[in-house]
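Below are the chains, spelled out letter by letter.
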Amino acid sequence: MIFSFFGSDVGKVRTSALAKLAELRQGGGELVVVPSEESATPMLKDALGATSLFGEQGIYLLDMPSEDGVFFASVLELRSALRDSENAFVLIEGPLKVNDEKRVIKESTSAQKC
């Protein structure tokens, strides 16, 4: 599952994303912040099928992946796999280019533009 929050109102984007994280964490599960750097791509791929020893859902925060162009390209490339994963991914992003915005909205479990 991927829940996407993006737009030019940074405060509203973050507030909405943090509310979603709080909701997801009520069911248990460990929050993992995925760094926005090219070297995090393997970590993201591993998280797609990762399972907890305690049966809890993994919750992964992708905070501004566009800060690293290569990593953002990986996020966009993996968007359907992120959506179909049993784990939850919360994407925080600033304003997106029109094509990127369409891709994010199309493949997200839910998307909110702020």
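Let me sum up the structure you'll find in this document. Bear in mind that the values here come from a model prediction, so they are computed numbers and not experimental data. (Residues numbered from 1 in each chain as written. Predicted model: local features only at pLDDT ≥ 70, side-chain atom pairs only at ≥ 80, totals over all residues. Heavy atoms only, no water.)

**A few points about empty space enclosed by the protein**
As a reminder, the rule being used: Definitions used for this entry: grid spacing 1 Å over protein atoms alone; cavity, a set of points where a 1.4 Å probe fits but cannot get out; pocket, an open set with protein on both sides within 12 Å along at least 5 of 7 lines; lining residue, one with an atom within 4 Å of a point. Grid points are joined across faces, edges and corners, and a volume is the space filled by probe spheres set on the points. Here a strand is any run of E in DSSP of at least two residues, a helix any run of H or I of at least four, and the numbering for each starts at the N terminus.
Enumeration over the complete set of coordinates arrives at 1 cavity of 30 Å³ or more. Along its surface, the largest cavity is lined by Ile2, Ser4, Phe72, Val75, Leu76, Arg79, Leu91, Val104, Glu107 and Ser108. For the lining of the largest cavity, the elements supplying multiple residues, two or more each, are β1 (2-6), α3 (69-77) and α5 (98-107). Here the lining of the largest cavity gets 3 residues from one element, more than from any other, and that element is α3.

**Focus: unusual backbone geometry**
Backbone geometry at Met64 places phi at a positive 55°, although glycine is not the residue there. Its place among the elements puts Met64 in the loop between β3 (59-63) and α3.

**Describing the packing of aromatic side chains**
Centre-to-centre distance and the angle between the planes together describe a pair of aromatic rings. For clarity, the cut-off: Working definition: a ring pair exists when centres of Phe, Tyr or Trp rings (six-membered ring for Trp) sit within 6.5 Å. Plane angles under 30 degrees give stacked, over 60 give edge-to-face, the rest tilted. Here's how the labels work: a residue is buried when its accessible area is under 20% of the maximum for its type, exposed when over 50%, partly exposed in between, all with a 1.4 Å probe on protein chains only. Think of it as a cone above the ring: NZ of Lys or CZ of Arg counts as a charge over the ring if it is within 6 Å of the ring centre and within 35 degrees of the ring normal.
By the definition in use, this model includes 1 aromatic pair. Taking the centre distance of 5.1 Å and the plane angle of 20° together, the rings of Tyr60 and Phe89 count as stacked. Of this pair, Tyr60 sits in strand β3 while Phe89 sits in strand β4 (residues 88-93), and the two are 29 residues apart along the sequence. For the pair shown, Tyr60 and Phe89 are each scored as buried. Positioned above the aromatic ring of Phe3, the side-chain terminus of Lys20 is 4.2 Å from the ring centre.

Keep in mind that these numbers describe shape and distance, not what the molecule does.
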